[in-house]
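Residue-level structure breakdown
So the chains spell out like this:
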Amino acid sequence: MKEKIICGIQQIGIGVKDVTEAWKWYIEVLGFDIKIFDDKGVAEKMLPYTGGKPQERRAVLAYNMRGGGGFEIWQPVGRELNYPKKELLLGDLGIFSCKIKCPDVTFAFETLKKKNVEIITTPCLSPANKMHFFIKDPFENIFEIEEDSYVFLNEKKANGGVNGAIIGVSDMEKSIAFYSKILDYDTVVFDNTAVFEDLKGLAGANHTLRRVMLKRSKPLYGPLCELMGTSCIELIQNMDVAGTKIYHDRFWGDPGFIHLCFDIRNMDKIQEEIQTLGLDFVCDGGKDFDMGDANGHFTYIEDPDGTLIEFVETFKMPIVKKLGIMLNLKNRDDKKFLPKYMLKALRFARVKL
């Protein structure tokens, strides 16, 4: 019997002014050098979030083979971009920061300093008793470099891929219920309210914040899950002032973290479940949507504050494009891992600058 399966965080969407410039930085600094697709086209399915009009775009999906989710680097084409009108504060509603897996936080800190990356905080312990620190890319996006031992392929890189996200919320209990019931992040790692020393340097860190970190109790399932690995979601509510929506009066695709995407199996079962909770998809790309050489079914829902959560059921993806080797996932066991050698072959899609 088919069931809902959340395999892991497939990618975080990052709206940028120039894909080529941004991706070069993400390769050189964060090691996201594996290209799954590089696609130019028109975003026709996201009309509620693009002003009611289809928008031209270029999108690149890139991974770091150490393991973790990828970056979907997204550039609107042919329109003026809308930037945030004010500095983002901890607790503002939406994706505040992207978490990055890191085996050795001290080494990563020294490595990034040598690369002249903008360092916001220095390494220290988080409430999860993990070492972490924050950086900012040249495009004003904040990344949390976070201690995490998960590895898919032990490449000599200072960090791995996406480990989750920090998301601002207005009602913590509603948000915990949403991420627990729908996305299976059902285990509370910590739930603390304070002015936090480990966040000093970030805008809004002087406020009293409630921070809740969630992880999944279920084991990893799904064909691609070993590449994506484990992950966590940290929710932050500002207890002093109401958070403002990060994408208020802006379009999906404008600069910043535009969505958090989960790799899934059995989209119909996910829709059945969310409908029992009084929700439904806000966008549906259909069951045969092409993104360059990849093919699948994508949908979106909103969390209680309107943050966009994407589901992608992958049907086809290139493994070794130059040899015409494609991976068909339609008839594979929903829970079974792909043989590791297949995913390791993605190394042939490495982009060298």
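Our structure is the block above this text.
Now for a description of the structure that goes with this document. Please read these numbers as outputs of a predicted model, since none were measured by experiment.

Reading the values: rules and limits
- Residues numbered from 1 in each chain as written.
- Predicted model: local features only at pLDDT ≥ 70, side-chain atom pairs only at ≥ 80, totals over all residues.
- Heavy atoms only, no water.
- Buried < 20%, exposed > 50% of the residue type's maximum accessible area, 1.4 Å probe, protein only.
- Helix = DSSP H or I, 4+ residues; strand = E, 2+ residues; numbered from the N terminus.
- Pairing = 2+ DSSP bridges.
- Salt bridge = Lys/Arg side-chain N within 4 Å of Asp/Glu carboxyl O.
- Arc of directions from axis to C-beta.
- Contact = heavy atoms within 4.5 Å.
- Phe/Tyr/Trp six-rings, centres within 6.5 Å; stacked < 30°, edge-to-face > 60°.

**Brief notes about the pairing of strand 18 (residues 308-320)**
Counting buried positions over the 13 residues of strand 18 gives twelve, a clear majority of the element. Counted between consecutive antiparallel strands, the loop separating strand 17 (residues 294-302) from strand 18 contains five residues, among which glycine 306 sits at a positive phi close to 90°. Strand direction decides the pairing type here: strand 18 and strand 19 (residues 325-328), joined by four bridges, are antiparallel. Across the sheet, residue lysine 316 finds its bridge partner in strand 19, namely asparagine 328.

**Re unusual backbone geometry**
Even without being a glycine, asparagine 129 presents a positive backbone phi close to 65°. Structurally, asparagine 129 is set in the loop between strand 7 (124-125) and strand 8 (131-136). For asparagine 129, a relative accessible area of 54% puts it in the exposed group.

**Observations concerning the pattern of salt bridges**
What the rule picks out here adds up to 28 salt bridges. Salt-bridge contacts for aspartate 39 lead to arginine 57; the nearest nitrogen and oxygen are separated by 3.0 Å. With aspartate 39 in strand 2 (residues 34-43) and arginine 57 in strand 3 (residues 55-63), this pair connects stretches of sequence that are 18 residues apart. Residues aspartate 39 and arginine 57 agree in their burial class; the two are buried. Close ionic contact of aspartate 334 with arginine 265 constitutes a salt bridge, the shortest N to O distance being 3.5 Å.

**Let's talk about helix 5 (residues 267-276)**
What helix 5 keeps buried is the set Met267, Ile270 and Ile274. Considered in projection along helix 5, the buried side chains sweep an arc of 55° and stay on one side of the axis. Residues of helix 5 that are buried make contact with strand 1 (5-15), strand 14 (256-265), strand 17 and strand 18. Count one or two residues on from helix 5 and you reach glycine 278, which has phi positive near 80°.

**Some points on the environment of glycine 68**
By the secondary structure assignment, glycine 68 is in the loop between strand 3 and strand 4 (70-76). Glycine 68 gets classed as buried once you look at its relative accessible area, which sits at 0%. Here the alpha-carbon distance between glycine 68 and glutamate 21, two residues 47 residues apart in the chain, equals 22 Å. If near-sequence neighbours (up to four positions away) are discounted, glycine 68 is found in contact with Tyr63, Lys101, Gly161, Val162, Leu227 and Met228.

**Regarding the packing of aromatic side chains**
Per the counting criterion, the structure on display carries 14 aromatic pairs. Aromatic side chains tyrosine 185 and phenylalanine 262 sit 6.0 Å apart centroid to centroid with 70° between the ring planes, which places their arrangement in the edge-to-face category. Taken together, the residues span a long stretch of sequence, with tyrosine 185 in the loop between helix 3 (172-181) and strand 11 (187-194) and phenylalanine 262 in strand 14 at a distance of 77 residues. Here the two residues tyrosine 185 and phenylalanine 262 agree in accessibility, since each one is buried. Aromatic side chains tryptophan 252 and tyrosine 300 sit 6.1 Å apart centroid to centroid with 80° between the ring planes, which places their arrangement in the edge-to-face category. With tryptophan 252 in the loop between strand 13 (232-238) and strand 14 and tyrosine 300 in strand 17, this residue pair connects regions lying 48 residues apart in the sequence.

Function cannot be inferred from these measures alone, as they are strictly geometric.
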